[in-house]
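Fold and contact review
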Amino acid sequence: MAKIDPIARAAAMSARGLILQAPYPGADKPWPAICTTCQQPTMSSYTSVITRGQGPCSTCGQRKSSAAAARKRAVPAEVAEARIREANVKPLEKFPGTQGTWRCLCLTCLREIDVWYSSVVYAGNGACDYCSGSAQIPDADARTELLALGIEALVPYPGSNEKWRSRCAACKKIIDPTLCNARKTKFPCRFCAQRATHPDVAVEIMKEAGLKPLTVFPGSVKAVWRAEHIGCGRQVDAVLDKVIQRRRASCMHCVRYGFRQALPAFLYLLVHITLGAAKIGISNDGSGRIRDHERNGWSQVLAVPLSGYQAVRAEQHVLKHWLALDLPQGVSRLDMPQGGWTETVALRDRSLPELRKDSNAAVISAMTDCPGPPEDSSISEETRRLLHRHARLGLRPLPGRAAQAQPVRAKPAPPARTTEPSPTD
């Protein structure tokens, strides 16, 4: 058996690019050394390096393997460009490889983006973070983009996948779309997507609801449309938007619930600071309608006592005036579970002094058309007195619950004082 020469074996290991750090430990035992290529420590044995011919350094071996795999996975530039264009982006620079970002232009939002080729082509992910909603954009840019889609933002930008309180520029209604959905849909406004604007369609909707139009379609679903209620044969001022929502005719002559024109009533004005909106409305005395609104965060600004007929005319006067000014509704249906959202306006569109002026003008018009309440025994003398007194005072708004004033009860007269003879008499 040949004698083992440690010096010869050390020279053989050094020739493979190792700087030995210890004497020869044995053929199959790890031999501490430093790789001259990567300067990393190794523990390879003499048998694995010399006898079997393996690499002396595991670190260098992994690097060579990774480089070979990368060369095998290399994608030609023309192939990469064709595949990345399928994601609706346009390359702005040469293909850097699969391990780096690629500067491209998104053809959907027209923004410059950095694309990972392997993420888009191999993993199937979207190329643009802005279109997917994962990238945050400035508030000004989001508002500009939303306005270009026909929607006006009312609150700061919450994020591309969050509901954004806005107003449709076409129908002026309050909506809550997300920016991502608004980019994708043809009609970002859910009302415009289902709204009937063709005159023939509008007439069919009115007839199905039991109304016979007496004039041509006014051109807007929010405009007053004179019609005849087929059920009772009387004329009413219908609004197509409300007819579509209620799916029935709204006839004030046939109604058996809610507001009663034959009873004393009042015109009221409410505001909601959080929602930034105001509401006009009418109610009969003692109906509790104001309390329903107050439980939902509304505050009373004024209340004017009127007869039922005068209250109806006053409310219609205000609503027609807002319609003539093209003022949109201030809140949506979800904001007012108690009802009445169609008689609202945003405070940013109409200030509180202007709303008071609108209410006073409506009351003057109503009392001019109907100088006094109809003779009805159900109207108390106290209500009549308040009506006439309010007219004499120049229609100044009454604070608090003046509209729900109860008849003043006469105080009992004090007992007659009897004169008793004094002890000195």
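Let's shift gears to the packing of aromatic side chains. What the rule picks out here adds up to seven aromatic pairs. Arranged with centres 5.3 Å apart and planes meeting at 65 degrees, the rings of Tyr-24 and Trp-31 form a pair that is edge-to-face. Here Tyr-24 falls in the partly exposed class, since its relative accessible area comes to 21%. Each residue in the set Tyr-24, Trp-31 and Tyr-46 is aromatic and connected to the rest through ring pairs, giving one cluster.

Glancing now at the confidence of the model for the protein. For the protein, the average pLDDT comes to 79, and 81% of its residues sit at 70 or higher. Taken together, the stretch residues 373-380 has pLDDT below 50 and engages in 18 contacts with residues farther than four places along the chain or on a different chain. Low pLDDT (under 50) marks residues 390-425, which in the prediction has 34 contacts with non-local residues, meaning those over four places away or in another chain.

For helix α13 (residues 308-324), built from 17 residues, the straight-helix expectation of 24 Å at 1.5 Å per residue is met to within 8% by its first-to-last C-alpha distance of 24 Å. Considered for burial, the residues of α13 that qualify are Gly-308, Gln-310, Ala-311, Val-312, Ala-314, Glu-315, Val-318 and Trp-322. Contact partners of the buried residues in α13: β13 (265-272), β14 (277-284), β15 (299-306), β16 (344-346) and α14 (352-369). Once α13 finishes, Asp-326 follows within two positions and takes phi at roughly 60 degrees, a positive value.

With that out of the way, let us pick up the sheet that holds β16. Reading across from one edge, β15-β13-β14-β16 is the order of the four strands in this open sheet, with antiparallel pairing throughout. Whereas interior strands pair on both sides, the edge strands pair on one side only; in this sheet they are β15 and β16. With strand direction ignored, the average angle separating the axes of adjacent strands in the sheet is 20 degrees. The sheet contact formed by β13 and β14 spans eight bridges and is antiparallel. Its bridge partner lying in β14, Tyr-268 is registered against Gly-281. α13 contacts β13, β14, β15 and β16 of the sheet and is inclined by roughly 160 degrees relative to β14.

In a structure, side chains of opposite charge can pair up when their charged atoms sit close to one another. Scanning the entire structure with this criterion turns up 15 salt bridges. Taking the shortest distance from any N to any O, the salt bridge between Asp-335 and Arg-165 comes out at 3.0 Å. With Asp-335 in the loop between α13 and β16 and Arg-165 in the loop between β7 (151-153) and β8 (166-168), this residue pair connects regions lying 170 residues apart in the sequence. Since its relative accessible area comes to 19%, Asp-335 is described here as buried. The structure contains a network of salt bridges with shared partners spanning Glu-152, Arg-167, Arg-348 and Asp-349.

This next bit is on the environment of Ile-113. Checked against the element boundaries, Ile-113 lands in strand β6 (residues 112-116). Taking the relative accessible area as the measure of exposure, Ile-113 reaches 5% and is therefore buried.

Let's shift gears to the environment of Leu-270. Relative to the helices and strands, Leu-270 is located in strand β13. Once the C-alpha coordinates of Leu-270 and Ile-280 are considered, the two residues, 10 residues apart in sequence, prove to be 6.5 Å apart. With near-sequence residues (within four places) excluded, Leu-270 lies in contact with Ala-277, Ala-278, Lys-279, Ile-290, His-293, Trp-298, Ser-299, Gln-300 and Val-301.

Here α14 spans 26 Å end to end across 18 residues, near enough to the 26 Å set by a 1.5 Å rise per residue. The complete set of buried residues in α14 reads Leu-355, Asp-358, Ser-359, Ala-362, Val-363, Ala-366 and Met-367. Seen end-on, α14 carries its buried residues on one side only, within an arc spanning 160 degrees. Set apart from the buried face of α14 by more than 90 degrees, the exposed residues are Pro-353, Lys-357 and Thr-368.

Moving on to the nonpolar core. Ranked by internal contacts, the top residues of the largest apolar core, which has 24 residues, are Leu-267, Leu-306 and Trp-322. For this core, the elements supplying multiple residues, two or more each, are β13, β14, β15, α13 and α14. Apart from residues no more than four positions distant in its own chain, Trp-322 is found in contact with Ile-280, Leu-327, Glu-343, Thr-344, Val-345, Leu-355 and Asp-358. Ranked by size, the runner-up nonpolar core spans 16 residues in total, among them Ile-84, Cys-106, Ile-113 and Val-120.

Spatial strand order, β7-β8-β9: three strands in an open sheet with antiparallel pairing. At either margin of the open sheet sits one strand with a lone partner, and together these are β7 and β9 (174-175). The sheet contact formed by β7 and β8 spans three bridges and is antiparallel. The residue of β8 that forms the bridge with Ala-153 is Ser-166.

In this section: the pairing of β15. Counted residue by residue, β15 has seven buried out of eight residues, so it is predominantly covered. With seven bridges joining them, β13 and β15 adopt antiparallel strand pairing. Within β15, the residue paired with Ala-265 across the bridge is Leu-306.

This part is about the side chain of Lys-279. Here Lys-279 is to be found in strand β14. Assessed through its relative accessible area of 2%, Lys-279 is described here as buried. A polar side-chain atom of Lys-279 sits 3.4 Å from a polar atom in the side chain of Glu-343. Excluding residues within four positions of it along the chain, Lys-279 makes contact with Tyr-268, Leu-269, Leu-270, His-293, Trp-298, Met-336, Gly-340, Glu-343 and Thr-344.

Cut-offs applied
Residues numbered from 1 in each chain as written. Predicted model: local features only at pLDDT ≥ 70, side-chain atom pairs only at ≥ 80, totals over all residues. Heavy atoms only, no water. Phe/Tyr/Trp six-rings, centres within 6.5 Å; stacked < 30°, edge-to-face > 60°. Buried < 20%, exposed > 50% of the residue type's maximum accessible area, 1.4 Å probe, protein only. pLDDT = per-residue confidence, 0-100. Contact = heavy atoms within 4.5 Å. Helix = DSSP H or I, 4+ residues; strand = E, 2+ residues; numbered from the N terminus. Expected span 1.5 Å × (residues − 1). Pairing = 2+ DSSP bridges. Axes fitted to C-alpha atoms, helices over the stretch in contact; angles between N-to-C directions. Salt bridge = Lys/Arg side-chain N within 4 Å of Asp/Glu carboxyl O. Arc of directions from axis to C-beta. Core = buried A, V, L, I, M, F, W, Y, C linked by side-chain atoms within 4.5 Å. Polar contact = N/O pair within 3.5 Å; in protein donor to acceptor, adjacent residues only side chain to side chain.

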